[in-house]
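Summary of structural features
What follows is the residue order along each chain.
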Amino acid sequence: LSKSHSNNDYKISIVMGSDSDLVNMKPAIDIIEEFGIEKDICILSAHRTPLEMMEYAKNAEINKIKVIIAGAGGSAHLPGMVASLTNLPVIGVPIESKVLKGIDSLLSIVQMPGGIPVATVAINGSKNAGLLAIQIISLFDDAIKIKLQIFRDKQSESVRLKNNNLNQIGV
Ligand code: RP5
């Protein structure tokens with residue numbers, strides 16, 4: 001029998017350092033909604049609300065969260081600090097910053113010390129963070145596994161269509 005968790009007995013968490021990150025975190029929220037997975041969205045700051053961040057990360061597993069997506073910009077400590085407080089997988093999204101264009105966020109998130117991993121996606125790459133979280137969920141939820149395959153097939157088909165159009169219409 002295939003296991004199905006479609007009665008939403010788990011969640012994906014999306015946390016971010018500021019409301020100014022929301023526009024760049026929206027693609028993760030959208031794709032998780034598209035797959036019909038429950039989500040928990042929070043503004044938590046490693047620097048401005050460290051106690052709330054600790055509380056949230058420590059209780060995440062008990063609150064039925066399976067994966068945490070954490071977006072932050074600049075001196076982006078949120079994903080790493082959250083990862084240090086839970087054994088759940090954490091996916092970090094470096095948010096584009098004004099002065100250094102997100103290179104600061106990327107390097108802050110990606111250069112974790114051995115022992116506490118954060119799976120880092122591209123600058124503003126929250127869509128892939130959402131998809132990676134969904135891929136993790138698909139390991140234990142067969143309904144999501146099927147949806148993921150359909151998503152991939154449609155994506156491949158759209159590229160084939162573009163190639164056909166190019167061949168027929170030319171550049
Ligand atoms: C970080 O500082 C946030 O993740 C955000 O990307 C950046 C700027 O925050 P605001 O000054 O816009 O609140 O902590």
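Before reading on, note that the structure itself is shown above.
Quick caveat, the model's predicted, so the values are computed rather than measured.

Between helix α1 (residues 22-34) and helix α5 (residues 126-137), the shortest axis-to-axis distance is 7 Å and the interhelical angle comes to 30 degrees. Considering how the two elements wind past one another, α1 and α5 form a crossing that is right-handed. Across the interface between the two elements, N24, M25, K26, P27, A28, I31 and I32 from α1 touch S126, K127, G130, L131 and I134 from α5. Grouping the constituent residues of the contact of α1 with α5 by class yields 7 nonpolar, 3 polar and 2 charged.

Residues D104, S105 and I109 constitute the buried set of helix α4 (residues 103-110). Projected down its long axis, α4 carries its buried residues within an arc of 120 degrees, all on one side. On the buried face of α4, the contacting elements are β3 (65-73), α3 (78-85), β4 (90-95) and β5 (119-120).

In this section: the sheet that holds strand β2 (residues 39-43). Read from one edge of the open sheet, 5 strands run β2-β1-β3-β4-β5, paired in parallel fashion. Since the sheet does not close on itself, it has two edges, and those belong to β2 and β5, each with one partner. Sheet strands touched by α3: β1 (11-16), β3 and β4. Its angle to β3, the strand with the most contacts, is close to 150 degrees. Each of β3, β4 and β5 touches α4; the most contacted strand, β4, lies at about 160 degrees to it.

Here we come to the pairing of β4. Of all 6 residues that make up β4, 6 are buried, and the element is covered over most of its length. Of the two faces of β4, the one lined by V90, G92 and P94 and the one lined by I91, V93 and I95 are each fully buried. In the sheet, β4 pairs with β5 via 2 bridges, with the strands oriented parallel. Residue pairing for β5: G92 is matched across the bridge by T120. The parallel pair β4 and β5, bridged by α4, forms a crossover whose chirality is right-handed.

Our focus in this paragraph is the environment of K101. Looking at the element boundaries, K101 is found in the loop between β4 and α4. Spatially, the C-alpha atoms of K101 and D9 are 38 Å apart, while their sequence positions differ by 92 residues. The residues contacting K101, other than those within four sequence positions of it, are E96 and I123. One polar contact links the side chain of K101 to the main-chain carbonyl oxygen of K98, over a distance of 3.1 Å.

Our focus in this paragraph is the side chain of S13. Along the chain, the position of S13 falls in strand β1. A relative accessible area of 0% places S13 in the buried class. At 2.9 Å, the side chain of S13 forms a polar contact with the side chain of Y56. If near-sequence neighbours (up to four positions away) are discounted, S13 is found in contact with D40, Y56, I65, V67, I68 and I69.

Within the structure, the ligand sits among G17, S18, S20, D21, R48, A72 and G73. Within the side chain of S18, an N or O atom sits 2.6 Å from an oxygen atom of the ligand. Burial of the ligand by the protein amounts to 65% of the accessible area it has alone, namely 360 Å². Of the residues contributing to the shell around the ligand, the split by class is 1 nonpolar, 4 polar and 2 charged.

It is worth spelling out the nonpolar core at this point. When a protein is soluble and globular, its nonpolar side chains tend to lie buried together. Core analysis: the biggest nonpolar cluster contains 26 residues, and I12, I32, F35, I37, I69, I134 and I137 have the highest contact counts within it. For this core, the secondary-structure elements that each account for two or more residues are β1, α1, β3, β4, α5 and α6 (142-169). Every residue in contact with F35, bar those within four places of it in the chain, is listed here: L131, I134, I144, K147, L148 and F151. Within the second largest apolar cluster, 19 residues are counted, among which are V15, A57, L78 and I109.

Conventions used here
- Residues numbered from 1 in each chain as written.
- Predicted model: local features only at pLDDT ≥ 70, side-chain atom pairs only at ≥ 80, totals over all residues.
- Heavy atoms only, no water.
- Axes fitted to C-alpha atoms, helices over the stretch in contact; angles between N-to-C directions.
- Helix = DSSP H or I, 4+ residues; strand = E, 2+ residues; numbered from the N terminus.
- Left-handed = near helix turned anticlockwise from the far one by under 90°.
- Contact = heavy atoms within 4.5 Å.
- Nonpolar A, V, L, I, M, F, W, Y, C, P; charged D, E, K, R; others polar.
- Buried < 20%, exposed > 50% of the residue type's maximum accessible area, 1.4 Å probe, protein only.
- Arc of directions from axis to C-beta.
- Pairing = 2+ DSSP bridges.
- Right-handed = clockwise from strand over helix to strand, strands pointing away.
- Polar contact = N/O pair within 3.5 Å; in protein donor to acceptor, adjacent residues only side chain to side chain.
- Near = heavy atom within 4 Å.
- Areas by Shrake-Rupley, 256 points an atom, 1.4 Å probe, with all protein chains shown as cover.
- Core = buried A, V, L, I, M, F, W, Y, C linked by side-chain atoms within 4.5 Å.

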